[in-house]
Amino acid sequence: MTTATFRQNTTFPTPNGQGHGYLAVPESGRGPGVLVIQEWWGLTDQIAGVVDRLAAEGFVTLAPDLFGGRVTHNAADGAKWMRELPIERGVAQLSSAVDYLLSHDTVTSEALGAVGFCMGGGFVVALAAAVGDKIAAAVPYYGANTGDNADFSSLRAAIQGHFGAYDTAVTPEHARHMVTSVRDHSDAAVELHFYPAGHAFANEENHSGNYDKTQADLAWERTLEFLRESLH
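Under an unreviewed UniProt entry, the name given to the protein chain is Dienelactone hydrolase family protein, and the source organism is Nocardia albiluteola.

Structure representation (structure tokens):
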């Protein structure tokens, strides 16, 4: 385990004190706002790279640090930290980040996009439901909130999901179950894309051994198009 405080370049108030995150602004100095939600590894170089790539595409992008500077390459650590972060507490932290980003001088959109990976993919739709029309586009990558008590009645965001057809951790069945739950409780538009790949196929650090550049690039292009269409 190492610390990643060098990736914390901004702070914002949360219900539990001060939150930290990594913020990147486009060269233009302004743009629509996007939140990036980390995997269970923490606010890693890879997640910061996603933030930088979105900023290069014109989005003001923030990745909140949900683990307080802790990062790991050990799955047992990541699983433990994820268990220690109940979805309600994580969503409360992320909701504070949403308010911070929406109020940022550089953000031009009336609502945000939110892109989450694995653990973050599970958070992203729950967050969109919690904050209603503050998020216009929710993009879960191989993460699905399928809890029996999930409440999607306040969901207003359009959803574009990216999942591995061969994923044994977050299976296509998990993804489809989430869609059923969403459609049972809201009118949100939902589209899913399945790729001939396993779990975490878009993470180039390749902890799972499933990174697939071809599929990752395709998912990324679809994500960018979806964000551009959704954020105004």
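Engineer: Can you help me understand the pattern of salt bridges in this one?
Structural biologist: Any two side chains of opposite charge can pair if their charged atoms end up close together. All chains considered together, the criterion is met by four salt bridges. The partner of Lys134 in a salt bridge is Asp99, and the shortest N-O contact between them spans 2.8 Å. Of this pair, Lys134 sits in the loop between helix H4 (119-131) and strand E8 (135-141) while Asp99 sits in helix H3 (residues 87-102); the two residues are 35 residues apart in sequence, bridging distant segments of the chain. For Asp99, a relative accessible area of 39% corresponds to the partly exposed category. Lys213 serves as the salt-bridge partner of Asp217, at 2.6 Å between the closest nitrogen and oxygen. A residue pair is termed a helical-turn pair when its members lie 3 or 4 positions apart in one helix, as Asp217 and Lys213 do in helix H6 (residues 213-230) at four residues. Look at Asp217 and you get partly exposed, because its relative accessible area is 32%.

Engineer: Help me understand the packing of aromatic side chains in this model?
Structural biologist: The relation between two aromatic rings is expressed through the spacing of the ring centres and the mutual angle of the planes. One pass over the full model with this rule turns up nine aromatic pairs. With 4.7 Å between their ring centres and 35° between their planes, Phe117 and Tyr141 make a pair best called tilted. Of this pair, Phe117 sits in strand E7 (residues 112-117) while Tyr141 sits in strand E8, placing them 24 residues apart in sequence. Judged by its relative accessible area of 3%, Phe117 is buried. Taken together, the aromatic side chains of Phe117, Tyr141, Tyr142, Tyr195 and Phe201 make up a single cluster linked through ring pairs. Lying over the aromatic face of Trp81, Arg70 brings its terminal NZ or CZ to 4.5 Å of the ring centre. The positively charged end of Arg176 is found above the aromatic ring belonging to Phe194, 4.6 Å away from the centroid.

Engineer: Can you walk me through the side chain of Gln46 in this structure?
Structural biologist: Of note, Gln46 is situated in helix H1 (residues 45-56). Residues contacting Gln46, with those up to four places away along its chain left out, are Glu39, Ala202, Asn203, Glu204 and Glu205.

Engineer: Explain the packing of H1 against H6 here, please?
Structural biologist: Axis angle and axis distance: for two packed helices, these are the angle between their axes and the distance between the axes, and together they describe the pair. Interhelical geometry of H1 versus H6 gives an angle of 50° and a closest axis separation of 12 Å. One finds that H1 runs oblique with respect to H6. Viewed along their axes, H1 and H6 form a crossing whose handedness is right-handed. Here H1 contributes Val50, Arg53 and Leu54 to the contact with H6, which in turn contributes Trp220, Leu224 and Leu227. For the contact of H1 with H6, the residue count by class is five nonpolar, no polar and one charged.

Engineer: Got a minute to help me understand the nonpolar core in this structure?
Structural biologist: Soluble globular proteins tend to pack their nonpolar side chains together in the buried interior. Ranked by internal contacts, the top residues of the largest apolar core, which has 47 residues, are Leu35, Leu127, Ile135, Leu155 and Val182. Here this core gets nine residues from one element, more than from any other, and that element is H4. Leave out the neighbours within four places in its chain, and Val182 touches Val125, Phe152, Leu155, Ile159, Ala188 and Val190. Membership of the second largest hydrophobic core comes to 32 residues, among which are Val115, Phe117, Tyr141 and Tyr195.

Engineer: How do you make sense of the confidence of the model for the protein chain when you look at a structure like this?
Structural biologist: Detailed reading of the predicted coordinates is not advisable wherever pLDDT is low. For the protein chain, mean pLDDT is 94; residues scoring 70 or higher make up 96% of the total. This stretch, residues 1-5, has a pLDDT under 50; its non-local contacts, to residues over four places away or in other chains, come to twelve contacts.

Engineer: Even after reading the chapter, I still don't get the pairing of E7, so can you show me in this structure?
Structural biologist: Across a regular strand the side chains alternate sides, sitting on one face of the sheet and then on the other. The buried fraction of E7 is high, at six of six residues. Neither face of E7 is left uncovered, since the one carrying Leu112, Ala114 and Gly116 and the one carrying Gly113, Val115 and Phe117 both have all their residues buried. As judged from the four bridges shared by strand E4 (residues 33-37) and E7, these two strands associate in the parallel manner. Its bridge partner being in E7, Leu35 is matched across the sheet by Ala114. Here six bridges tie E7 to E8, and the two strands are oriented parallel to one another. Across the sheet, the residue bridging to Val115 is Val139, located in E8.

Parameters and conventions
Residues numbered from 1 in each chain as written. Predicted model: local features only at pLDDT ≥ 70, side-chain atom pairs only at ≥ 80, totals over all residues. Heavy atoms only, no water. Salt bridge = Lys/Arg side-chain N within 4 Å of Asp/Glu carboxyl O. Helix = DSSP H or I, 4+ residues; strand = E, 2+ residues; numbered from the N terminus. Buried < 20%, exposed > 50% of the residue type's maximum accessible area, 1.4 Å probe, protein only. Phe/Tyr/Trp six-rings, centres within 6.5 Å; stacked < 30°, edge-to-face > 60°. Lys NZ or Arg CZ within 6 Å of the ring centre and 35° of its normal. Contact = heavy atoms within 4.5 Å. Axes fitted to C-alpha atoms, helices over the stretch in contact; angles between N-to-C directions. Parallel < 35°, antiparallel > 145°, perpendicular 65-115°, else oblique. Left-handed = near helix turned anticlockwise from the far one by under 90°. Nonpolar A, V, L, I, M, F, W, Y, C, P; charged D, E, K, R; others polar. Core = buried A, V, L, I, M, F, W, Y, C linked by side-chain atoms within 4.5 Å. pLDDT = per-residue confidence, 0-100. Pairing = 2+ DSSP bridges.

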